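Coordinates in review
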Amino acid sequence: MSSIFSRLISALSINRRLRSGCILLLCVVLVVIFAGAIAPYDPYKLGDDLMVRPGVGNHFLGTTAMGQDVFSMIIYGSRTSLSIGIVSALISGVIGTLIGAAAGYFRGKFDIVISEIINIFLMIPTFFLILIIVALFGSSMLNVMLVIGLTSWPSNARMMRVQALSIKERTFVKSAVAMGESGWRILFKYIIPNGIFPVVANTTMGVASAILTEASLSFLGLGDPNVVSWGQMIFDGKQYITSAWWISTFAGLAIMFIVIIFYMIGDGLNEALNPKLRRIR
Amino acid sequence: MTELTTLLEVKNLKKWYPCRRKNRLFSPGKEWVKAVDGIDLTVNSGEVVGIIGESGCGKSTLARMLIGLEQPTTGEIRYNGRLSTDLIRDDKKGFHRIAQTVFQNPFDTFTPNDRIGSLLMRPLKMHNIGSDSAERRELCLSALEEGGLIPAADFLNRYPHELSGGQLQRISILRSLLLNPAFMVVDEPISMLDVSVRADILAMLLVLCRQKGTGIMFISHDISVIRYVSDRVAVMYLGRIVETGRTDDIILHPRHPYTEALLSNCSTIDPDDQTEVIRIEGEPPSPVGTGPGCFFAERCPKASAHCWRAYPSVTKAGESHEVSCFIYQREQR
Amino acid sequence: MLLDIRDLNIVYRMRNKAIYAVNNVNFSLEKGKSLGIIGESGSGKSTLAMAILKMHNLKNTEVTGQIIFEGRDLLALDEKQFKEYRWTRIAAVFQKSMNNLSPVHKIGTHFEDIYRVHEPDISSSEIRERVYALFHMVNLSPRVYTCYPHELSGGMLQRVSIALSLIFHPTLLIMDESTTALDVITQGQILEEIKELEKVVDVTRIMITHDLFVVATACQQILVLYAGDMMEYGDVRDVLNHPMHPYTKALIASFPSLRGEKREVHSIPGTLPDLSVKTRGCAFYDRCRAHREICRQEKPVVCQTGGLHTVCCHLYGKIRETDVKEGVNR
Ligand SMILES: Nc1ncnc2c1ncn2[C@@H]1O[C@H](COP(=O)(O)OP(=O)(O)OP(=O)(O)O)[C@@H](O)[C@H]1O
Ligand SMILES: Nc1ncnc2c1ncn2[C@@H]1O[C@H](COP(=O)(O)OP(=O)(O)OP(=O)(O)O)[C@@H](O)[C@H]1O
Ligand SMILES: [Mg+2]
Ligand SMILES: [Mg+2]
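None of the values given here were measured: they were computed from a predicted structure.

Here we come to the side chain of His221(B). In this structure, His221(B) sits in the loop between strand S8 (215-219) and helix H9 (223-229). Looking at His221(B), the relative accessible area reads 8%, which means it is buried. There is a polar contact of 3.5 Å between the side chain of His221(B) and the backbone oxygen of Gly53(B). When near neighbours in sequence (up to four residues on either side) are disregarded, His221(B) contacts Gly53(B), Glu54(B), Ser55(B), Lys59(B), Glu188(B), Thr180(C), Ala181(C), Leu182(C) and Asp183(C).

This is the structure we're talking about:
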């Protein structure tokens, strides 16, 4: 296992995009952790100053129509976005890895069924599926996480399945079978650790798209109304876009920023870890 | 020597892989890569059977089938009279203690994420050899030392990519030996070892074979090694055995034209060696679309018209020396 | 002079220790004079070969000395400058080359990729034609073009690697045990083809092998390595017929014979020393039958014993100490 980390670390030192992505992400994580200390106001508190322009008074980025401080909302909104993004990407990564690896390694009927499911998922527009489910089951944060996670695993599964198919032919897997190792152990000890890198890269990209999905849901009014989120801010600010542009704009910029960070990391990982792009010799 | 009992018996074993073709539309009908195409063979306990043959003739495929890594297309494999499929169904783990292998490619035999220590100790743990991990570690250490990998404790801590080809090859052999199998098929186990290390490793294999009665199938391209270790030799060509017999019969008096050519090409470093090299010409052989004649016919210097029509059946060419070639069928008549 | 290696030292730094894999190796290679390198398993042959193509991960490997190829020190070049050498001028078939084929791509794709990098506007059918010609050289059937690596046998993969290395007719070709998985007939045919190629284009080989027969037939010079140290170097004929170093002698004596009496295969008693400790004396000391006290105390110096033949042993060290310097850099 330690060599997985050492590979990640060596990838970090080679790839500049990956490195800067990671540094920026670290900053965001610090913001998330110390949100309480950084944000000057309580984002849920409805203040007296309504729709204050940015820079006026103590409101660095202005306030909303309800008098909430935009800067504090963005700081706190990072918690929502990041946790939804990461948790749902993790759900989809874990499910995708397990199902894809099992399908590719064990083959048989299971594989046929899974391949069909993957194909169906990749064909239907998942966003509408998510929309319907959220509309039906309510839009708490947990629901949103689960729904995004449970609908986005097929791309990971497809990737892992291809990896499993090729790793299965490698001699070290055959030698493990010849030693009497059980199927499940081979799956977890040989197939997954050796084939997970593309999935890791894909999952990182998945965080970005999960954040976007959440924002879109909130924008359509299907976000969790009880927490501050960037999508929600855009939704709320939409009607004041001519009179108070800052409400939506800064939230949009924040989304863009974090999505770019995750794309940088995902792309960097892809480049550094993908065997296809590695020099042949 | 102990009394010979039949340990492994292989009957009409075949492995055909479906062939990928460019235009499936225009040439219907399935084509096959006939990697192994009907092999009959026995290995007795306490005996080393050498397998030689051209690169790509199906030796490794045969090995993979024998240890249950691949399903034969047809044919049966019996260990001590019991079908290998039954053995695997009843006790999968137990089967892998009967039949072990050493793979051809040592660089890919070990998972890159583990250290040599855990790679060696894992099979021991799986098969409950040694009571605790300290004892297993001792077993591994002494095995490594025996294989000339010194300091042994240092090797346990290394990753596979930090070792040389020969070192990995030795570790691969040692790992299989630790399980004390009843049958071993070793696929070019010493190709990356120099002559002096080779001797030690071969000695280890032979001790196992002679003292514990393990049957060994020894695949190699190095015929002088085959001569040194094996009791019997089988010569393969495009998925079939063309000649079998006792080692010295085959090496000193080869019958099949392919064996003759093969042996004449092995020279020694001895400058006085005067053997004339038989060149064989022709297209590289392919296991796709073989037959109906003798597979070797197109490259055979002694081929006659007859050879293109049918595959020669097995003919006795001496006590326990069998050959599939028309030349000897005619002689016998 | 095609290749001149001077004072090459290669050290692998591991977690808590260092492995001195190659120590003070000096040799030179003239155009057309192929070199065979032999030595015990783990004595640093592949490490040396990888250094010539700068394949080492410099983060944990120290490579010092000079590798002068056609007048330029390769070690001083940066990765970008070296690009024009790698694969086009200096190519190699490494021991593990066949593992580096990507398992999800067909064999043909590997060739196409390499061609496309160096000759961007070459057509697919042209590539195919050239690859078939290469396949013919290494005795592979064209069927292999559309196979995946796992569908090939060990020897076929090895031949694919050889074909890959021959794509651009390199000036220097390093073959690290690249015929071990081949039967003698195929091996003979390939060596013939490569020698044939040498007559047309200038290719010089460095062959690493355990098969003295290959060295005897296909190389002009030989280098004997032991535990990272040079033991003996010279013309193949000189060294094989009149070995001087006790290790070379023992190695040649243990080579089994195919015909004639079946005899015991002798090994050289003992094992390769631990490479993580730098020995003061001769590396072969504890296995040497002719060792003396001085062998344990001092490293033997290189001494030249006529012609190219140099040996690194105290038994001969006294003969011509004045020539030492010359001998080193010849
Ligand atoms: N999984 C597979 N799918 C298709 N063809 C295969 C597969 N495995 C092996 N083959 C083919 O079967 C033939 C025999 O291969 P095998 O590996 O058994 O040869 P071998 O005798 O071990 O050769 P070598 O001495 O080179 O290792 C080859 O032509 C190879 O292309
Ligand atoms: N990446 C590495 N890190 C640490 N040690 C290494 C590494 N690669 C090789 N070694 C060690 O360096 C020594 C020389 O290895 P090398 O691969 O050069 O041997 P070799 O002469 O090619 O042997 P063989 O004939 O078995 O292939 C060996 O003892 C090996 O264990
Ligand atoms: Mg093979
Ligand atoms: Mg090597």
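Next, the rest of the story.
Residues and elements named next belong to chain B. Looking at the magnesium ion (ligand 3), one finds its protein donor set to be Ser 60 (OG) and Gln 104 (OE1), positioned 1.8 to 2.2 Å from the metal centre. One end of the pair, Ser 60, is in helix H1 (residues 59-66); the other, Gln 104, is in the loop between strand S6 (99-102) and helix H4 (116-126), and 44 residues separate them in sequence. Gln 104 carries the same exposure label as Ser 60, and that label is buried.

Right, let's talk about the site of ligand 1 for a bit. Lining the immediate surroundings of ligand 1 are 23 residues, of which Gly56(B), Lys59(B), Ser60(B), Thr61(B) and Gly155(C) lie closest. The local environment of ligand 1 is shared, drawing residues from chains B and C. Between an oxygen atom of ligand 1 and a side-chain N or O atom of Gln104(B), the distance comes to 2.7 Å. Glu151(C) has a polar backbone atom sitting 2.8 Å from an oxygen atom of ligand 1. A total of 630 Å² of accessible area belongs to ligand 1 in isolation, and the protein chains cover 95% of it.

Let's shift gears to empty space enclosed by the protein. Counted according to the given criterion, the structure contains 15 cavities of 30 Å³ or more. Taken as a whole, the second largest cavity encloses approximately 130 Å³ of empty space. Of the residues that constitute the lining of the second largest cavity, the class distribution is 6 nonpolar, 5 polar and 3 charged.

Let's shift gears to the environment of Gly166(B). Turning to its location among the elements, Gly166(B) is positioned in helix H7 (residues 165-178). In this structure the C-alpha to C-alpha distance between Gly166(B) and Met192(B), which are 26 residues apart in sequence, comes to 4.9 Å. Not counting chain neighbours up to four residues away, the residues in contact with Gly166(B) comprise Met192(B), Leu193(B) and Ser41(C).

Bringing the confidence of the model for chain B into the picture now. Residue and element names in this part refer to chain B. Looking at chain B as a whole, the pLDDT averages 87, with 92% of positions reaching at least 70. Between the elements of chain B, mean pLDDT differs from a low of 75, seen in helix H12 (residues 326-332), to a high of 95, seen in S8. For this predicted complex, the interface confidence reaches an ipTM of 0.91, while the overall pTM sits at 0.88.

Glancing now at the sheet that holds strand S4 (residues 74-79) of chain B. Residues and elements named next belong to chain B. The 4 strands are arranged S2-S1-S4-S5 in an open sheet whose pairing can be described as antiparallel. At either margin of the open sheet sits one strand with a lone partner, and together these are strand S2 (32-44) and strand S5 (82-83). As defined by bridge partners, strand S1 (residues 6-18) adjoins S4 across 5 bridges and the pair is classed as antiparallel. Each bridged residue has a counterpart across the sheet, and for Lys 11 the counterpart in S4 is Glu 76. Packed onto the sheet, H1 meets S1, S2 and S4 and runs at close to 120° relative to S1.

With that out of the way, let us pick up the interface of chain B and chain A. Facing 25 residues of chain B, the contacting portion of chain A comprises 18 residues. When chain B packs against chain A, the two sides together hide about 1900 Å² of surface, and 51% of this comes from carbon and sulfur. For the chain B face of the interface with chain A, the top three residues by lost area are Asp108(B), Asn113(B) and Arg122(B), together amounting to 30%. Asp108(B) is the partner of Arg170(A) in a salt bridge, and the nearest nitrogen-oxygen pair spans 2.9 Å. Run the count over chain B and chain A and you get 11 residue pairs in polar contact (both at pLDDT 80 or more). Grouping the amino acids of the side of chain B that touches chain A by side-chain chemistry returns 9 nonpolar, 9 polar and 7 charged.

As a further point, take a negative patch on the surface. Residues and elements named next belong to chain B. A grouping of Asp 132, Glu 135, Glu 138 and Glu 145 is seen on the molecular surface, where their side chains present a negatively charged patch. As for its position among the elements, Glu 135 is in helix H5 (residues 133-146). Taking the relative accessible area as the measure of exposure, Glu 135 reaches 36% and is therefore partly exposed.

All right, on to the coordination of the magnesium ion (ligand 4) then. Residues and elements named next belong to chain C. Coordination sphere of the magnesium ion (ligand 4), protein contribution only: Ser 46 (OG) and Gln 95 (OE1), at 1.9 to 2.1 Å. Of this pair, Ser 46 sits in helix H1 (residues 45-52) while Gln 95 is found in the loop between strand S6 (90-93) and helix H3 (107-118), placing the two residues 49 residues apart along the sequence. For Gln 95, a relative accessible area of 9% corresponds to the buried category.

With 106 residues, the main nonpolar core has Leu3(C) and Phe111(C) as its most contacted residues. Among the elements that line this core, the one with the most residues is helix H5 (residues 154-166) of chain C, at 7 residues. Sequence-distant contacts of Phe111(C), defined by excluding residues within four places in its chain, comprise Val131(C), Leu134(C), Phe135(C), Val160(C), Ala163(C), Leu164(C) and Ile167(C). In this structure, Phe110(B), Ala143(B), Tyr237(B) and Ile250(B) belong to the second largest nonpolar core, which totals 71 residues.

The rules behind the values
For every chain, the first residue of the written sequence is number 1, and numbering continues from 1 along that sequence. Ligands are numbered from 1 and chains lettered from A, in the order in which they are written. Totals for whole chains, interfaces and linings use all residues, but because this is a predicted model, local features are given only for residues with pLDDT of at least 70 and pairs of side-chain atoms are given and counted only at 80 or more. Note that water and hydrogens are dropped before the side-chain values are worked out from all heavy atoms of the structure. Put simply, DSSP marks the helices as runs of H or I at least four residues long and the strands as runs of E at least two long, and each gets a number from the N terminus on. Relative accessibility thresholds used throughout: buried, under 20% of the residue-type maximum; exposed, over 50%; partly exposed, between the two (1.4 Å probe, protein chains only). Here a polar contact is taken to be a pair of N or O atoms separated by no more than 3.5 Å, where protein atoms must pair a possible hydrogen donor with a possible acceptor and residues adjacent in sequence count only if both atoms sit in side chains. Contact definition: two residues touch when any of their heavy atoms are within 4.5 Å. Sites may look incomplete because water is not among the atoms; the donors themselves are N, O and S atoms within 2.8 Å of the metal, or within 3.2 Å for Na, K and Ca. Any residue with a heavy atom lying within 4 Å of a molecule or strand is counted as near it. Accessible surface is estimated by sampling points in the Shrake-Rupley manner with a 1.4 Å probe; for residues, cover comes only from the protein chains shown. Residues are said to line a cavity or pocket when one of their atoms sits within 4 Å of a point; the points come from a 1 Å grid over protein atoms alone, cavities being sets where a 1.4 Å probe fits but cannot get out and pockets being open sets with protein on both sides within 12 Å along at least five of seven lines. Grid points are joined across faces, edges and corners, and a volume is the space filled by probe spheres set on the points. Here the nonpolar group is Ala, Val, Leu, Ile, Met, Phe, Trp, Tyr, Cys and Pro; Asp, Glu, Lys and Arg are the charged ones; every other residue, Gly included, is treated as polar. What pLDDT conveys is the predictor's confidence in a given residue, as a value from 0 to 100. Any two strands between which DSSP finds at least two bridges are classified as paired. Helix axes are fitted only over the stretch in contact, all axes being lines through C-alpha atoms; the angle between N-to-C directions runs from 0 to 180 degrees. Accessible surface is computed with a 1.4 Å probe, and the buried area is the amount of it that two parts give up when combined, taken over both parts together. The rule for a salt bridge is simple: a side-chain nitrogen of Lys or Arg has to be within 4 Å of a carboxyl oxygen of Asp or Glu. Exposure above 30% relative accessible area and the lack of any salt bridge qualify a residue for a patch; like charges then connect within 9 Å, and the nonpolar side chains Val, Leu, Ile, Met, Phe, Trp and Tyr within 5 Å. Positive residues here are Lys and Arg, negative ones are Asp and Glu, while His and the chain termini are left out of the count. The atom standing in for a charge is NZ when the residue is Lys, CZ when it is Arg, CG when it is Asp and CD when it is Glu. In this text, buried Ala, Val, Leu, Ile, Met, Phe, Trp, Tyr and Cys residues form a nonpolar core when linked through side-chain atoms within 4.5 Å.

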